[in-house]
Amino acid sequence: MKKGKNRIDKRSRQLIRLLEREHVTAQDLLRASFATRAPRGLHLREGHGDYAVPLGIINGEGDPRRFRALNRLFDQGIAGYALHSGEILLARTYGPQRDPGTNRLKPAFRSASILAHEAMHRLQFHAQKTLGDGPAMDNRFIPPVLLAPFPQSLREFGQSIKTLFNRIAMDWEYVDSRKSVPLRLLYLCGLSRLNVGRYLSQDCEVQARMHEIMSAGYAAWNKMPETPTAFYAAMANCGAKLPDSVLRQLETPEGRRALRDFAVPPALRRKIAHTVRDINRVYDYAALPQAQEKLWRLAMPALYGDMLELYGDTRGWARMGLGPPRHDMLDVLRLIMQEIEPGPAALQRQTKKVRPENAAELCSMMMTRADTPARRARVTACLEEMLKSPATRAAIIHPAPYSDYGRLSGYTPFENALRRGVDSWISMMVAAGADPFAPVESSNPVNGETYRRSPVSVLVEWDWHYYRTPGGNSRNHDLQHRLNAIDGLKALLKCPEIAPRERRARWICGQKEPVMETLESIAAPLLDPRENPLNQAFYKELEIRGHF
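Everything in this summary refers to the structure shown in the same document. No experiment lies behind these values; they were computed from the predicted model shown.

### Focus on the overall build of the chain
- Counting its regular elements, the chain contains 26 helices and 8 strands.
- Residue burial in the chain is summarised as follows: out of 548 residues, 51% are buried.
- Counting contacts in the chain only where the partners sit at least 6 residues apart, residues at least 24 apart contribute 68% of the total.
- A total accessible area of about 25900 Å² is found for the chain, and carbon and sulfur atoms account for 52% of it.

Structure (C-alpha cells):
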C-alpha cells in the first residue's frame, strides 16, 4: 500500500512539475501520467509523441479578451481545456497552488488528474490531424450503442418511455451536480452541451476519463491490462458498473486471477471515485440492458484498445481482440496525410510492409482521405503497389465479411473507389478482378443485422429527392456525392472488362433477394436527366456548374 501511495505522489509530482517547464512534449505528459518511461506490458514505438504541447494556468495574465472568454468556460465548472491549437490550460481554481516558501507548485492529485485528462485530448487531436482519423473524436463507438432505435412494438413501448425519462433524469442530475446557475438555465432552455447525452457520453470524454483511471491505477498495479478480461477486472476494481455477463466472466479462473492482479487500494479508489462516477453515468444513461451489454462488450474495449495505440503501443487494437496490429497501415496513412511530399521510394517501401489482413481497411481509409490532388496521387501509388502482391490484391478485390462497427468508412475498397468517382482507382481494380455486381457481406453488431450489397448499389442508394432540401454546406456536400457517383459510373462504363448490357443480379442493402439489372439501366437515370424528370432541379444546377 505504501509503495502504491509513493507512486501516486510521484505521478502527481511529475505531472505538476511539467507546468513549470518551458518545453513539454506529449511523450513527457504520457511518461509523467504513469510516472515511468513506458508502462509495463506495452510495446511503445520509439519517438511516438515527440511533439510540443504548451501548458498554462489561466490566472488573468495575457490577452484580456482571451482570458474573459476562457474564464466564462471555467465558471461553468470546467477544470481544464485542450485547445485544437495544441495548448492545454487549467483553471486557476482547479490548478495547483504554489508553496509560499519555495514558490514551487505543490503536487495535488486532482490537478494532476485534470492535466492527464487534457493530455489524452491532446493525443486524440494529434491522431485526428496526422492520420485524418480519430475514432474517439469522430464518436464511432459509444453513440451507435446509445442511439440505437427504441423498440417499436407495443409490448416494449413502456420500456422505451422509461428509457427516455431515465435519460432526461440522468442529464439533469449531471447538470445539477455542476453547481452552476447559468448552466442549469441553459439546460432548461435545451441549449446545454454539458450533459450526459451530448457531452459525457462522447467517445473522447469517456476515453480521457479511462486514461485518468488507468494512469492512476498503474501506481498500484505496475502493469497495464492486456486482455479484455484484465481490462474488465481493472475497471470493476475501480468501481465501474458492469453488466451481468461481464461479471460472470470475472467469476472464471482467469477473471478471479485478473481481479487479484488489478486490485485497487481503498484510498486510491476514493481518489478516482469522481472519475469512475462519470463512466457509470454513461452506463446508467444506456438504460436498456442490451445497450449496457453492448457498451461494455463493444464500445469500451474498442476505446481502450484505441487509447493504447494513442500511447504508441503497436498491439493495442489486437490486445482487445479487435483485429491484427494496425501500425503498418497507420504508418502509410501518416505519409499520405503529411504536408511534405514523402517521395515515391518512402511510400513504396512502407506500403510493402502492409499485412494482407489490413490491406482492405487501409485502402478504404486512404480513399476517404484523398481530398487534395497530392493525396489522391499518393493513394493511387499505394493502391498500384498493393495490387502487385497476390495476397494483398485478393484481400482488396475480394474482401472477407466484415463488421462496419467503429469504421470510418463502412464500405469496401471498390465501393469507396466508386463513391469517390476516381477513374484510375476504378480501372485498376476492375482490371485486377473487381466485379461491380458481386455481393459483399457486412454486419452491424449493434443491431445484430447482416447485409449483402453489390458495390454498384452505392451509386444509386442515395435518396435523390433529398437533394431538393435547402442547405448550404450540406447541399454542396450532397451535390459533390452525386457528381462523384456520375464520375464513378462513367469510369465503370469505360472499363473494357465490363459488359454494360449484361443482365446481372444486383444486391441491395436490406433486401433478401437481388434484382436483375444491367449497368446501362442503372446508369441511364443518372447520366440522362430526361430518364428521370424528378432530378431536373439537380441537373439544372449541374449545368450551371458546367458539369455537363
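Read on for the rest.
### A few points about the sheet that holds strand β6 (residues 449–453)
- Strand order in the open sheet formed by 3 strands is β4-β5-β6, and the pairing between neighbours is mixed. Of all the strands in the sheet, just β4 (402–403) and β6 have a single pairing partner and so form its edges.
- Note that β4 and strand β5 (residues 440–444) share 2 bridges and pair parallel. Bridged to Tyr 402 within β5 is Ser 442.

### Brief notes about the packing of aromatic side chains
- Scanning the entire structure with this criterion turns up 8 aromatic pairs.
- Between Trp 221 and Phe 262, the ring centres sit 5.3 Å apart and the planes meet at 75°, which makes this aromatic pair edge-to-face. Residue Trp 221 is located in helix α9 (residues 203–221), and its partner Phe 262 is located in the loop between α12 (253–261) and α13 (266–271); the two are separated by 41 residues in the primary sequence. Across this residue pair, the class does not change: Trp 221 and Phe 262 are buried.
- Between Phe 231 and Tyr 232 the ring centres are 5.9 Å apart and the planes differ by 40°, which places this aromatic pair in the tilted class.
- Assessed through its relative accessible area of 2%, Tyr 232 is described here as buried.
- Ring pairs connect the aromatic residues Phe 231, Tyr 232, Trp 296 and Tyr 304, which therefore count as one cluster.
- The ring of Phe 262 is capped by Lys 223, whose NZ or CZ atom sits 5.3 Å from the centre of that ring.
- The ring of Trp 317 has Arg 326 sitting right over it, with the charged end atom 4.2 Å from the ring centre.

### Observations regarding the packing of α9 against helix α15 (residues 289–311)
- Across the interface, α9 lies against α15 with an axial gap of 10 Å and an inter-helix angle of 70°. With respect to α15, the element α9 is oriented roughly perpendicular. In this structure, α9 crosses over α15, and the sense of that crossing is right-handed. On α15, the residues touching Asp 203, Val 206, Gln 207, Met 210, His 211 and Met 214 of α9 are Met 300, Leu 303, Tyr 304, Asp 306, Met 307, Leu 310 and Tyr 311.
- Across the contact of α9 with α15, the residue classes break down as 9 nonpolar, 2 polar and 2 charged.

### What to know about unusual backbone geometry
- Positive phi, close to 55°, is recorded for Ala 35, a residue that is not glycine.
- Of note, Ala 35 is situated in the loop between α2 (26–34) and β1 (55–58).
- The backbone phi angle of Asn 222 is positive, close to 60°, even though this residue is not glycine.

### Some remarks on empty space enclosed by the protein
- On inspection of all chains with the given rule, the structure shows 1 cavity of 30 Å³ or more.
- Each pocket or cavity is described by its volume, and for the largest cavity that value is around 30 Å³.
- In terms of lining, the largest cavity is formed by Ala 26, Leu 29, Leu 30, Ala 119, Leu 123 and His 211.
- Element by element, the count of residues in the lining of the largest cavity is highest for α2, at 3 residues.
- Among the residues forming the lining of the largest cavity, the class breakdown is 5 nonpolar, 1 polar and no charged.

### Structural notes on the environment of Ala 38
- With respect to the helices and strands, the residue Ala 38 is situated in the loop between α2 and β1.
- For Ala 38, a relative accessible area of 37% gives the class partly exposed.
- For the pair Ala 38 and Lys 223, spaced 185 residues apart in the sequence, the C-alpha separation amounts to 9.9 Å.
- Once residues within four sequence positions are removed from consideration, Ala 38 is found in contact with Leu 44 and Tyr 218.

### With respect to the packing of helix α10 (residues 228–238) against α15
- Two numbers describe how α10 lies on α15: the axes approach to 11 Å, and their chain directions differ by 95°. Comparing the axis directions of α10 and α15 gives the class roughly perpendicular. Between α10 and α15, the contacting residues are Phe 231, Tyr 232 and Met 235 on the first element and Trp 296, Arg 297, Met 300, Pro 301 and Tyr 304 on the second.
- Partitioned by chemical class, the residues of the contact of α10 with α15 number 7 nonpolar, no polar and 1 charged.

### Here's the deal with the state of the cysteines
- For the structure on display, the rule yields 0 disulfides.
- You can see Cys 363 has no disulfide; the closest cysteine sulfur is in Cys 382, sitting 8.5 Å from it.
- The class for Cys 363 is buried, based on a relative accessible area of 0%.

### Details of the pattern of salt bridges
- The tally for this structure, following the rule as stated, stands at 22 salt bridges.
- Across the pair Glu 205 and Arg 209 runs a salt bridge whose closest N-O atoms are separated by 2.8 Å. One end of the pair, Glu 205, and the other, Arg 209, are both in helix α9, 4 residues apart, so they sit about a helical turn from each other. You'll find Glu 205 and Arg 209 in the same group, each marked buried.
- Note that Asp 328 is salt-bridged to Arg 355, the shortest N-O span being 3.3 Å. A residue pair is termed long-range when its members are at least 10 positions apart, and Asp 328 in helix α17 (residues 327–337) and Arg 355 in the loop between α18 (344–351) and α19 (356–369) qualify at 27 residues.
- For Arg 355, a relative accessible area of 26% translates into the label partly exposed.
- Three or more residues are tied together by salt bridges with common partners; here these are Glu 205, Arg 209, Asp 278 and Arg 281.

What counts as what
Residue numbers run consecutively from 1 along every chain, following the written order of its sequence. For this predicted model, a pLDDT threshold of at least 70 governs which residues receive local features, and a threshold of 80 or more governs which side-chain atom pairs are given and counted, while totals over whole chains, interfaces and linings are taken from all residues. Heavy atoms from the whole structure form the basis of all side-chain values; hydrogens and water molecules are not counted. Helix numbers and strand numbers start at the N terminus; a helix is a DSSP run of H or I with at least 4 residues, a strand a run of E with at least 2. Using a 1.4 Å probe on the protein chains alone, a residue whose accessible area is under 20% of its type maximum counts as buried, one over 50% counts as exposed, and one in between counts as partly exposed. Whether two residues are in contact is decided by their heavy atoms: any pair within 4.5 Å suffices. With residues, only the protein chains shown are counted as cover, and all accessible areas are computed by Shrake-Rupley using a 1.4 Å probe. One bridge is not enough; two strands pair if DSSP finds at least two bridges between them. What counts as a ring pair is set by centres within 6.5 Å for rings of Phe, Tyr and Trp (its six-membered ring), and what kind of pair is set by the plane angle: stacked under 30 degrees, edge-to-face over 60, tilted for all other angles. Placement of a positive charge over a ring is assigned whenever Lys NZ or Arg CZ falls within 6 Å of the ring centre and within 35 degrees of the normal to the ring plane. Axes here mean lines fitted to C-alpha atoms, for a helix over just the part in contact, with angles spanning 0 to 180 degrees between N-to-C directions. Orientation labels follow simple angle bins: below 35 degrees gives roughly parallel, above 145 gives roughly antiparallel, 65 to 115 gives roughly perpendicular, and whatever is left gives oblique. Rotating anticlockwise by less than a right angle from the far helix to the near helix defines a left-handed crossing, while the corresponding clockwise rotation defines a right-handed one. Amino acid classes used here: Ala, Val, Leu, Ile, Met, Phe, Trp, Tyr, Cys and Pro are nonpolar; Asp, Glu, Lys and Arg are charged; the rest, including Gly, are polar. Lining residues are defined by having an atom within 4 Å of a point belonging to a cavity or pocket. Those points lie on a 1 Å grid over the protein atoms alone, cavities being sets where a 1.4 Å probe fits but cannot get out and pockets being open sets with protein on both sides within 12 Å along at least five of seven lines. Grid points are joined across faces, edges and corners, and a volume is the space filled by probe spheres set on the points. Disulfide assignment relies on a single distance test, namely cysteine sulfur atoms paired within 2.5 Å. A side-chain nitrogen of Lys or Arg and a carboxyl oxygen of Asp or Glu constitute a salt bridge if their distance falls within 4 Å.

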